[in-house]
Amino acid sequence: MSNPNGNQCVELSFTSNAVGMRDSQNPDGAVLVFDNDEWNAFVGAVESGFFQHR
């Protein structure tokens with residue numbers, strides 16, 4: 001996932017019970033890990049427009 005300029009990228013890794021997310025331009029940096037319930041809540045919030053700028 002990235003913006004049109006390609007300078008803001010994230011990588012996602014899905015397993016049976018978790019999702020990992022990291023900055024693809026800093027592969028040795030921090031990794032955020034979400035369990036399935038957390039990830040589904042996040043995706044639902046995005047889909048509902050909860051994070052839209054107003």
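Residues numbered from 1 in each chain as written. Predicted model: local features only at pLDDT ≥ 70, side-chain atom pairs only at ≥ 80, totals over all residues. Heavy atoms only, no water.

Topic: the packing of aromatic side chains
Which entries qualify depends on this criterion: Geometry of aromatic contacts follows a simple scheme: Phe, Tyr and Trp rings, the Trp one being its six-membered ring, pair when their centres are within 6.5 Å, and the pair is stacked under 30 degrees between planes, edge-to-face over 60, tilted otherwise. Secondary structure is summarised from DSSP: a helix means a run of H or I of at least four residues, a strand means a run of E of at least two, and numbering begins at the N terminus for each. Throughout, exposure labels follow a simple rule: accessible area from a 1.4 Å probe, protein chains only, divided by the maximum for the residue type, with under 20% read as buried, over 50% as exposed, and the rest as partly exposed.
Taken as a whole and judged by the stated rule, the model has five aromatic pairs. Ring geometry for phenylalanine 14 against tryptophan 39: centres 6.0 Å apart, planes inclined by 80 degrees, an arrangement best described as edge-to-face. Linking phenylalanine 14 in strand β1 (residues 10-14) with tryptophan 39 in helix α1 (residues 36-48), this pair joins segments that are 25 residues apart in sequence. Taking the relative accessible area as the measure of exposure, tryptophan 39 reaches 12% and is therefore buried. Where phenylalanine 34 meets tryptophan 39, the ring centres are 5.9 Å apart and the plane angle is 50 degrees; that geometry is what we call tilted. Taken together through their ring pairs, the aromatic side chains of Phe14, Phe34, Trp39, Phe42, Phe50 and Phe51 make up a single cluster.

Things to note about the environment of valine 19
The following threshold applies: Note on contacts: a residue pair qualifies if any of its non-hydrogen atoms lie within 4.5 Å across the two residues.
For valine 19, the location among the structural elements is in strand β2 (residues 18-23). What valine 19 contacts, discounting residues up to four positions off in sequence, is Leu12, Ser13, Phe14, Leu32, Val33, Phe34 and Trp39.

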